[in-house]
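A closer look at the structure
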Amino acid sequence: MTTRITLVSTSARVAPGLLTAAAWDVLRSARVWTASPEHPQAAALREAGVDVSVLRPAPPSEPGAGLPAEAGVVPSSREEADPVAELRAVAGPGTHVAWLLDPVSPTAADRALRAALTDQDHSAEPGAVVELLVATRELPGSALLDAVAVMDRLRSPGGCPWDAEQNHVSLAPYLLEEAYEAYQAIEDGDLAELREELGDVLMQVLFHARVAAESGGAGWDVDDVAAGLTAKLIRRHPHVFGDVAVSGADDVVTNWDAIKAEEKGRKSVTEGVPLSAPALFLAAKLLRRAAKLGLPPELALPRHPAGSGAGAAGAGLPGLPGLVAELAREVGTAGPGDRASAGQGDGPGAEAGTTAEERVGDLLFAAVVLAGEQGVDPETALRARARLFRDTLARAEHAALARGEEPRGLAADIWRSLWVSASVPPGGVAATDGPAPGA
């Protein structure tokens, strides 16, 4: 006769006894067993009149001795005993058995029974059928409780020594690193990698919150972080949680900025822009903020080189490419710490000369203005260009090594030859990564 074994899967994040109707039907009609004496659901089930028996293996050194006789506990003859065979033996052939899987620390029996789910032709006990029943339902986000609990364990006495030593300052670099790695996963279009990297970002949030929670009365915890975020999202989405009407995404952004400015009491759109951000991001962010005020783009341009005729006030975008080219030419007119000669500086009101550093700064800023006028995010554009350079360089290095040549110290003409070949990715068209030889 066939023994039916229903594996009952529950969550430690759901209060004991809060089970589905189907789960209660099975638990009241079947014989209930578990390998976990302290199973979270056991007490609630017994209170509801459901008998829960415990199947535990005996110590390997005492085969057959089992455990002391106690109500509802059946000893096993050996630690490696087949739980399917054991259940058939103690419950009887042809019976229905409900097996409570441990939701916190799965036992060897739990793992063996789960393995039997994918091996219904169980060689030892072909007269058994194993099925799975999910007995609890969780709200979205409930798994975050597990992450909070793990972080608490790591920072508590007896946890991880390294984690216990960290503080906000020591953790700061990891926050940036994990964010960049998540960014790269997005660029690579790797959703599986993105999921993992976002988990690492979340770990940093939990870590900082746990450190702050240890600060005493001035501290806060992860619940305060989540509550603050929830309140902010509700306040800044009055078109969703209130009676404000919007006609599209542009109105949403306008409302968000207005609400944020009122909340922060800011007197300038430049307030709140992180000056610690990468320079390219910082420039683009400030220019976008200025554009929201209606600042004419040409006013944001560096003062144009004398006599270039490019980027003159009111000229707007048409003169901008010429300005960028002129700035690039003038970079070479001064040393790294020296002023350019008089007459090669900026327009009226400018100093007589400009350092190469300042001129390069002007050049880069003008390029960011140009990107904004073209609707291009300069950070994304430069990252894409850098990735292209990285791939081309790596192909050139690999080609040199394949020829038995060490890349370091190669002559310029050899590099040019390698670069032309490397600019054609495998199976692709030629990449525009640098001039051809002699160009």
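Right above here is the structure, for reference.
In this text, all values refer to a predicted model and were calculated from it rather than measured experimentally.

Details of the packing of helix H15 (residues 378-402) against helix H16 (residues 412-422)
Following both chains from N to C, one finds H15 and H16 inclined at 120 degrees, their axes separated by 9 Å at the closest point. What the angle tells us is that H15 and H16 run oblique. For the pair H15 and H16, the sense of crossing is right-handed. Residues Phe389, Thr392, Leu393, Arg395, Ala396, Glu397, Ala399 and Ala400 of H15 form the contact with H16, whose own contacting residues are Trp415, Leu418, Trp419 and Ala422. Split into classes, the residues belonging to the contact of H15 with H16 amount to 9 nonpolar, 1 polar and 2 charged.

What to know about the packing of aromatic side chains
This structure, assessed with the given rule, holds 3 aromatic pairs. Ring geometry for Trp162 and Tyr174: centres 6.0 Å apart, planes at 80 degrees, overall edge-to-face. In this pair, Trp162 sits in helix H6 (residues 161-165) while Tyr174 sits in helix H7 (residues 168-188), placing the two residues 12 residues apart along the sequence. Judged by relative accessible area, which is 41%, Trp162 ranks as partly exposed. Tyr174 gets classed as partly exposed once you look at its relative accessible area, which sits at 32%. Site record: aromatic cluster; members linked through ring pairs are Trp162, Tyr174 and Phe207.

Rules of the game
- Each chain has its residues counted from 1, following the order in which its sequence is written.
- In keeping with the predicted nature of the model, local features appear solely for residues at pLDDT of at least 70, side-chain atom pairs appear and are counted solely at 80 or more, and the whole-chain, interface and lining totals rest on all residues.
- Excluding hydrogens and water, the side-chain figures rest on all heavy atoms present in the structure.
- Only the stretch in contact is used when a helix axis is fitted, and all axes are lines through C-alpha atoms; the angle between N-to-C directions ranges over 0 to 180 degrees.
- A run of H or I in DSSP becomes a helix once it reaches four residues, and a run of E becomes a strand once it reaches two; helices and strands are each numbered from the N terminus.
- Angles are sorted into four bins: roughly parallel if under 35 degrees, roughly antiparallel if over 145, roughly perpendicular if 65 to 115, and oblique for all others.
- By convention the crossing between two helices is left-handed if the near helix lies anticlockwise of the far one by an angle smaller than a right angle, and right-handed if it lies clockwise.
- It only takes one pair of heavy atoms within 4.5 Å for two residues to be counted as in contact.
- In this classification, Asp, Glu, Lys and Arg are treated as charged, Ala, Val, Leu, Ile, Met, Phe, Trp, Tyr, Cys and Pro as nonpolar, and every other residue, Gly included, as polar.
- Planes of paired rings set the category: under 30 degrees apart is stacked, over 60 is edge-to-face and the rest tilted, where pairs are Phe, Tyr or Trp rings (Trp by its six-membered ring) whose centres lie within 6.5 Å.
- Only protein chains enter the accessibility calculation, which uses a 1.4 Å probe; a residue whose area is less than 20% of its type maximum is buried, one above 50% is exposed, and one in between is partly exposed.

Read these as geometric descriptors, not functional statements.
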